[in-house]
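# Remarks on the overall topology
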Protein chains: 2
Amino acid sequence: MGVTLKQLAASLGLSPTTVSRALNGFPEVNPSTRKRVQEAAERANYRPNTRAKSLATGRAQAIGHVIPVSTSHELVNPIFADFIAGAGEIYGQAGYEMILRVVADDDEQRAYDDLVARGAVDGIIVHGPRVHDPRVDMLTKLGVPFLVHGRTSQVNTLYSWLDINNQRSFRRAAQVLLDFGHKRIALINGLEEMDFAQRRRSGYLEALAASGIAPDPMLLRQAEMTEPYGYRAAQEMMQLPDPPTAFLASSMIVAYGLRRGLSDLGLKLGRDVSIVTHDDELSYLPNDGDVPMFTATRSSVREAGRRAARMLLRLVNEPKCGPLTELMETSLVLGASTGPARS
Amino acid sequence: MGVTLKQLAASLGLSPTTVSRALNGFPEVNPSTRKRVQEAAERANYRPNTRAKSLATGRAQAIGHVIPVSTSHELVNPIFADFIAGAGEIYGQAGYEMILRVVADDDEQRAYDDLVARGAVDGIIVHGPRVHDPRVDMLTKLGVPFLVHGRTSQVNTLYSWLDINNQRSFRRAAQVLLDFGHKRIALINGLEEMDFAQRRRSGYLEALAASGIAPDPMLLRQAEMTEPYGYRAAQEMMQLPDPPTAFLASSMIVAYGLRRGLSDLGLKLGRDVSIVTHDDELSYLPNDGDVPMFTATRSSVREAGRRAARMLLRLVNEPKCGPLTELMETSLVLGASTGPARS
DNA sequence: GCGAGCACCCAAAGCGGTTTGAAAATTGAT
DNA sequence: ATCAATTTTCAAACCGCTTTGGGTGCTCGC
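The structure displayed is predicted, hence computed values, not measured ones. (Residues numbered from 1 in each chain as written. Chains lettered and ligands numbered in written order. Predicted model: local features only at pLDDT ≥ 70, side-chain atom pairs only at ≥ 80, totals over all residues. Heavy atoms only, no water.)

## Regarding the pattern of salt bridges
- Per the counting criterion, the structure on display carries 58 salt bridges over all chains.
- E303(A) serves as the salt-bridge partner of R310(A), at 3.9 Å between the closest nitrogen and oxygen.
- For the salt bridge of E329(B) with R168(B), the shortest nitrogen-to-oxygen distance reads 3.1 Å. Of the two residues, E329(B) is situated in the loop between β11 (325–328) and β12 (331–333) and R168(B) in helix α8 (residues 166–179); the sequence distance between them amounts to 161 residues.
- Exposure remark for E329(B): the relative accessible area of 42% places this residue in the partly exposed category.
- Each of R47(A), E97(A), R101(B), D113(B), D114(B) and R118(B) takes part in salt bridges that share partners, so that together they form one network. (Salt bridge = Lys/Arg side-chain N within 4 Å of Asp/Glu carboxyl O. Helix = DSSP H or I, 4+ residues; strand = E, 2+ residues; numbered from the N terminus. Buried < 20%, exposed > 50% of the residue type's maximum accessible area, 1.4 Å probe, protein only.)

## Let's talk about the pairing of strand β8 (residues 246–249) of chain A
Residues and elements named next belong to chain A.
- Burial along β8 is two-sided: A246 and L248 facing one way and F247 and A249 facing the other are all buried.
- Summarising the sheet, strand β6 (residues 185–189) and β8 pair through four bridges and their orientation is parallel. In the sheet register, L187 faces β8, and the bridge partner there is L248.
- As paired strands, β8 and strand β9 (residues 274–279) are joined by four bridges and run parallel to one another. (Pairing = 2+ DSSP bridges.)

## Remarks on the relation of the copies chain A and chain B
- With an axial shift of 0.0 Å and an RMSD of 0.1 Å, the rotation relating chain A to chain B amounts to 180°. Interpreted geometrically, this transformation is the action of a two-fold axis.
- When the interface residues of chain A are mapped onto chain B, 100% of them are again interface residues, pointing to one common binding face. (Least-squares fit on C-alpha atoms with pLDDT ≥ 70 in both. Contact = heavy atoms within 4.5 Å.)

## What to know about the protein's contact with DNA strand D
- In the vicinity of DNA strand D lie 27 residues, with L5(A), S20(A), R21(A), T17(B) and T33(B) positioned nearest.
- In DNA strand D, atoms within 4 Å of the protein come from the sugar-phosphate backbone in 59% of cases.
- The separation between a base nitrogen of DNA strand D and a polar side-chain atom of R21(B) is 3.2 Å.
- For DNA strand D, a phosphate oxygen lies 3.1 Å from a polar atom in the backbone of N30(B).
- Sorting the residues of the surface near DNA strand D by element identifies α2 (16–23) and α4 (50–57) of chain A together with α2 (16–23) and α4 (50–57) of chain B as the ones contributing at least two each.
- With four residues, the top contributor of residues to the surface near DNA strand D is α4(A).
- In terms of residue class, the surface near DNA strand D is built from 10 nonpolar, 12 polar and five charged. (Near = heavy atom within 4 Å. Polar contact = N/O pair within 3.5 Å; in protein donor to acceptor, adjacent residues only side chain to side chain. Nonpolar A, V, L, I, M, F, W, Y, C, P; charged D, E, K, R; others polar.)

## Concerning the protein's contact with DNA strand C
- Taken together, 29 residues lie near DNA strand C, and T17(A), T33(A), L5(B), S20(B) and R21(B) sit nearest.
- Within the side chain of T18(A), one N or O atom sits 2.8 Å away from a phosphate oxygen of DNA strand C.
- A52(B) is positioned with one of its backbone polar atoms (N or O) 3.3 Å from a base nitrogen of DNA strand C.
- Residue contributions to the surface near DNA strand C peak at four residues, all from α4(B).
- In terms of residue class, the surface near DNA strand C is made up of 11 nonpolar, 12 polar and six charged.

Written out as structure tokens, the structure reads:
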């Protein structure tokens with residue numbers, strides 16, 4: 001819709017070549033001419049046409065995100081918005097566009113394929129990796145730079161990823177509860193096919209094992225992390241003959257559910273029952289203040305978005321910089337939801 | 001990265017022209033040739049380069065969403081993810097790309113400007129309209145098709161929008177509480193500069209007025225809709241000399257906060273205090289079941305995303321179809337959070 | 001005063017598609 | 001067999017930008 005380079009050039013009595021060079025900072029242009037061009041461009045509100053530019057340069061100047069929507073649950077992961085916000089910030093600064101595809105998870109693969117074949121993106125961020133995730137092999141074959149938010153376990157090639165140390169995180173979380181004297185600790189986990197859920201489980205089991213406690217399958221659950229899921233888990237588990245005295249929750253939302261379930265049973269957090277949750281620092285569910293409501297393993301998913309974007313951009317611009325990986329540690333913050341086990 | 005049209009044509013001994021026409025369903029091509037071309041394209045996994053195509057056709061085949069991130073609160077609206085999921089679904093079916101810009105809200109305007117001047121999008125969806133929102137005038141001037149999710153009040157041109165009937169919705173919600181005998185009803189609203197918040201407030205005031213009840217400023221709050229905001233509102237208001245007996249909450253998250261605040265005071269929902277909330281049907285905060293937890297004015301923001309996308313696509317493809325508007329009614333579902341006022 | 005060297009600018013060829021206008025091949029009627 | 005009408009195919013221009021490979025006009029050294 002805007003002015004074209006040609007028009008701008010004509011209005012200045014210059015060739016498109018010169019105008020292009022003047023605006024892109026090439027040296028072989030007279031400083032006075034450059035100034036004249038820049039001013040005219042400013043005045044005319046000229047912006048190079050994205051498509052034309054990237055056709056000419058061969059770079060899409062765009063990063064693709066494929067957001068899978070589980071066909072069964074129609075659920076979109078709430079951490080997604082904050083991650084996107086972080087990544088988008090970086091793309092903006094770097095002059096990259098973010099393009100989003102929302103696809104049913106059964107033809108997610110085709111979406112990547114399509115994105116690449118059409119040359120729509122220079123790089124891709126992979127969300128929600130499963131324990132077995134064919135996407136990594138697929139994207140490797142496609143030869144497009146990509147970065148996984150999280151990891152996948154069953155893959156034999158090297159690839160780039162950014163993850164939090166889920167295992168260590170949950171080991172520590174469980175340890176805190178053990179230190180408080182808890183022996184019956186429930187894990188309210190995410191879907192078991194998710195890689196992060198497996199790692200958290202390992203961390204949890206490790207901590208128990210180190211204390212010589214045998215895990216009880218009755219205290220282990222995995223499902224999509226909704227609020228009612230947490231609620232039901234609390235309600236049902238507290239009715240067991242030998243109920244848990246503490247819970248490990250996989251997200252703030254689940255923790256809210258737990259909390260509600262417990263409070264409906266007349267149980268007080270931190271006194272009767274303890275909770276440690278993972279906290280992605282979602283902006284509308286802050287867990288801060290002098291004494292945060294929940295004791296939590298904390299890691300900003302927004303910051304993860306920023307870092308992931310930076311890493312991917314680097315992969316795009318220095319193709320030979322090899323697979324990049326980063327493991328973010330979480331911090332363990334003490335809140336009001338934990339206390340010694342009642343004897 | 002993929003095969004180009006030229007290469008495909010060469011491999012078939014045909015001209016690019018013919019191949020293009022064969023694939024795009026033009027009539028003037030021999031059926032047998034077409035079949036041959038289609039099969040070859042399939043085999044080679046050919047996809048037309050997005051940029052080249054849209055340069056040639058002059059259509060971006062993309063819709064822009066600008067997501068404002070309030071610089072002060074770094075908060076991204078949680079309904080955003082679900083709206084995007086709905087809209088993305090439609091774009092995918094229509095062969096449109098969704099491009100997202102995340103910008104600090106103080107240079108949001110420049111983002112639109114930029115998007116249009118670069119010819120990056122065919123249409124734009126405007127999120128989070130304020131009571132006074134300069135973006136509508138700006139986009140009208142730019143001459144780009146756009147649709148507002150929500151409305152804005154102080155604008156003198158016609159524009160396209162999709163909104164829910166916030167006023168009626170909250171009038172009904174307040175009415176339900178009044179019918180239950182409540183007279184002290186608090187409104188825990190969103191930020192006051194948001195258009196939706198004003199309309200909800202109007203509905204609430206209307207209902208009170210119709211029952212001859214004077215609104216009490218002490219029972220009115222507006223802020224970003226986080227969980228702790230709800231919590232504090234409940235805690236503080238219940239300590240008033242003349243506390244509310246019922247709350248009207250602007251989102252599920254706020255309602256959760258209220259619930260927690262009340263339960264910490266030992267008050268039981270539906271018996272001691274009532275809550276009616278608006279429910280956007282966010283996927284991870286479902287409010288369903290036989291008896292939903294909250295009595296709510298319900299409207300799927302995901303469905304809103306779908307409808308908005310369809311409307312905008314129509315505006316893009318039939319430029320003269322004029323401003324399109326749609327007002328979605330909410331349903332009022334009775335849940336466990338309401339009951340008669342205690343006398 | 002002349003050619004080398006330099007600073008500055010430009011014409012033209014792409015990038016990968018679509019589309020126009022015309023040519024080649026086929027068909028049908030005479 | 002001939003020619004007009006119709007199919008079917010193609011060459012070339014174009015979309016808006018970048019970039020290669022010259023050009024032009026100056027200055028400078030001799």
